[in-house]
Amino acid sequence: MYHFIGIKGTGMSALALIMNSLGYKVQGSDKDEHYFTEEGLIEANIKVLSFSEDNIKEGMYIIKGNAFEDDHEEVVKANELGLKIYSYQDMVGKLTNMFETITIAGCHGKTTTTAMMAHVLNQLKGCNYLIGDGTGCANKENEYFAVEACEYKRHFLKYTPQYAIITNIELDHIDYYKDISDMVDAYQEYANNAEKMVIAYGDDPYTRSLEVNSSIFFYGLDLENDIVARDVEYSLTGTSFDVFVEDNYYGHFDLPLYGKHMLLNSLAVIAVCYYERLE
């Protein structure tokens, strides 16, 4: 049994849904207040308890939400019983080794891009996903796993992706990162965890400054990028554009999506599909 301390958290609830779908026995505990993340847990018949040290039993594996310290009553009891305790990112990291994983990081755009990646890959091949809005789904038979990867406190360094996506780099989480150089260092380490390649937004000077061990390909509107959107037209029905990959015409896209940021998010998804040789 895997017991989630703080199961109503957005990431934790999504992870609980994934592990339940993969056949693990799952339960959790949290505050009694209602949160929107409960809906999926209820639908999946996952038991949600009020916080109590009595929830912790011999033989359990504990997954601890990042909001909870070692003095929390359930953590104290788990330590007394000598139970194995995983952080949220530790457990996600284990799951990334089970599938062809694409992690999506960035100071903005990662939730949307992860959702788009999961939607497209699921239609083509079957894709598990863990998104920071509290949604998660998995099937053992799926080949791909799309994961929203959070940079806070370098949590994303626990993951081992095939593809590491970077939507942009900006100074954020200033309670943790000292300056922009510190943040760039974290993203560089994240990029170097990619086993196959890095796909990054190339119109961002900070992504361009990364020194990456594996192959790195850039997407954007600047013609110097590897994956470029050209002849872009924004209309009342969405966005139309042509995509060139490494100076070769790839295809024309008419998407019911609006604005430059959504266009760029779609380019990250298109890039993965191209390098995976998916139709």
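One can find the structure itself at the top, above this paragraph.
In this text, all values refer to a predicted model and were calculated from it rather than measured experimentally. (Residues numbered from 1 in each chain as written. Predicted model: local features only at pLDDT ≥ 70, side-chain atom pairs only at ≥ 80, totals over all residues. Heavy atoms only, no water.)

Caption draft 1: Molecular detail of the sheet that holds strand 8 (residues 135-137). Ordered by their spatial adjacency, 10 strands build an open sheet running 8-7-9-6-10-11-12-13-14-15, and the pairing between neighbours is mixed. What marks the edges here is a single partner per strand, and that holds for strand 8 and strand 15 (248-255). Averaged over neighbouring strand pairs, the angle between their axes works out to 15° when direction is ignored. Pairing of strand 7 (residues 127-131) with strand 9 (residues 144-148), which is carried by four bridges, proceeds in the parallel orientation. If you follow Asn-128 over to strand 9, its bridge partner there is Phe-145. Docked against the sheet, helix 4 (residues 88-96) engages strand 6 (100-105), strand 7 and strand 9, running at close to 155° with respect to strand 9. (Pairing = 2+ DSSP bridges. Helix = DSSP H or I, 4+ residues; strand = E, 2+ residues; numbered from the N terminus. Axes fitted to C-alpha atoms, helices over the stretch in contact; angles between N-to-C directions. Contact = heavy atoms within 4.5 Å.)

Caption draft 2: Here's a closer look at the state of the cysteines. Taken as a whole and judged by the stated rule, the model has zero disulfides. The thiol sulfur of Cys-273 is not disulfide-bonded, and the nearest other cysteine sulfur, from Cys-127, lies at 9.8 Å. (Disulfide = S-S within 2.5 Å.)

Caption draft 3: Molecular detail of the environment of Phe-4. With respect to the helices, strands and loops of the structure, Phe-4 is situated in strand 1 (residues 2-5). Since its relative accessible area comes to 0%, Phe-4 is described here as buried. Sequence spacing of Phe-4 and His-252 is 248 residues, and the spatial spacing of their C-alpha atoms is 45 Å. (Buried < 20%, exposed > 50% of the residue type's maximum accessible area, 1.4 Å probe, protein only.)

Caption draft 4: Structural detail: the pattern of salt bridges. Applying the stated criterion to the full structure yields seven salt bridges. Of the charged contacts, one joins Lys-8 and Glu-38 as a salt bridge, the two residues approaching to 3.3 Å between their closest N and O atoms. A residue pair is termed long-range when its members are at least 10 positions apart, and Lys-8 in the loop between strand 1 and helix 1 (10-21) and Glu-38 in helix 2 (residues 38-43) qualify at 30 residues. When its relative accessible area of 7% is taken as the criterion, Lys-8 is described as buried. The class for Glu-38 is buried, based on a relative accessible area of 13%. Here Glu-151 makes a salt bridge to Lys-110, at a shortest N to O gap of 3.4 Å. With Glu-151 in the loop between strand 9 and strand 10 (163-166) and Lys-110 in helix 5 (residues 110-124), this pair connects stretches of sequence that are 41 residues apart. We note that Glu-151, like Lys-110, is buried. Within this structure, Glu-100, Lys-196 and Glu-276 form a network of salt bridges that share partners. (Salt bridge = Lys/Arg side-chain N within 4 Å of Asp/Glu carboxyl O.)

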